[in-house]
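Chain and residue survey
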Amino acid sequence: VAMAPGGGGLAYELLDFYGGVEDLTRAVLRSPCPRGTGVEEVRSVVLRTPAERTLAAALGVDAAPEGEALQTLWWAKVLMDDPLRVCRALRF
């Protein structure tokens, strides 16, 4: 953050190390996922019951590409852990 040229207020430079600007322009809201964690590990943490595994399969999570499946599963975990998080995230 720095003073804008001409003293008209503050200016900032956004440093995007993780592709967030592209996500914003495409209106994509990603869930932060732990690095180095594979789909199977996340699946075992998130999908705890046979009914949850059946629902995930019916929704196509099993057939999704790995990155998409990770995002879907991690969002499910986030929402189960803290349902109000979406409200807080979407208020902006």
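A brief look at the structure comes next. (Residues numbered from 1 in each chain as written. Predicted model: local features only at pLDDT ≥ 70, side-chain atom pairs only at ≥ 80, totals over all residues. Heavy atoms only, no water.)

So, the overall build of the protein chain
This is how the line gets drawn: Numbering goes from the N terminus for both helices and strands, where a helix is a DSSP run of H or I of at least four residues and a strand is a run of E of at least two. Accessibility here uses a 1.4 Å probe with only protein chains present; expressed as a share of the type maximum, an area under 20% marks a residue as buried, one over 50% as exposed, and anything in between as partly exposed. Contacts between residues were defined by any pair of non-hydrogen atoms, one from each residue, lying within 4.5 Å. Reported accessibility uses the Shrake-Rupley method at a 1.4 Å probe radius. Residues are deemed covered only where the shown protein chains occlude them.
Looking only at helices and strands, the protein chain features five helices and two strands. Ordered by position from the N terminus, the helices and strands of the protein chain form the series β-β-α-α-α-α-α. Within the protein chain, buried positions represent 23% of all 92 residues. Excluding contacts between residues fewer than 6 apart, the proportion of contacts in the protein chain whose partners are at least 24 apart in sequence is 55%. Total accessible area on the protein chain stands at roughly 7100 Å², and carbon and sulfur atoms take up 62% of it.

Considering the nonpolar core
We count it as follows: As used here, the term nonpolar core means buried Ala, Val, Leu, Ile, Met, Phe, Trp, Tyr and Cys residues forming a set that is joined through side-chain atoms within 4.5 Å.
Core analysis: the biggest nonpolar cluster contains 13 residues, and V39, V42, L47, V61, A69 and L73 have the highest contact counts within it. For this core, the elements supplying multiple residues, two or more each, are α2 (39-46) and α4 (66-81). The element contributing the most residues to this core is α4, with six residues. Excluding residues that lie within four positions of it along the chain, V42 makes contacts with T37, L70, L73 and W74.

What to know about the pattern of salt bridges
Condition: We count a salt bridge whenever a side-chain nitrogen from Lys or Arg sits within 4 Å of a carboxyl oxygen from Asp or Glu.
Counted under the stated rule, the structure contains three salt bridges. For K77, the salt bridge goes to D81, with nearest N and O atoms at 2.4 Å. Of the two residues, K77 and D81 both sit in helix α4, four residues apart, roughly one turn of that helix.

Describing the side chain of Q71
Looking at the element boundaries, Q71 is found in helix α4. Once you skip the residues sitting within four places of it in the chain, Q71 turns out to touch R30, S31 and C33.

In short, geometric facts, not functional conclusions.
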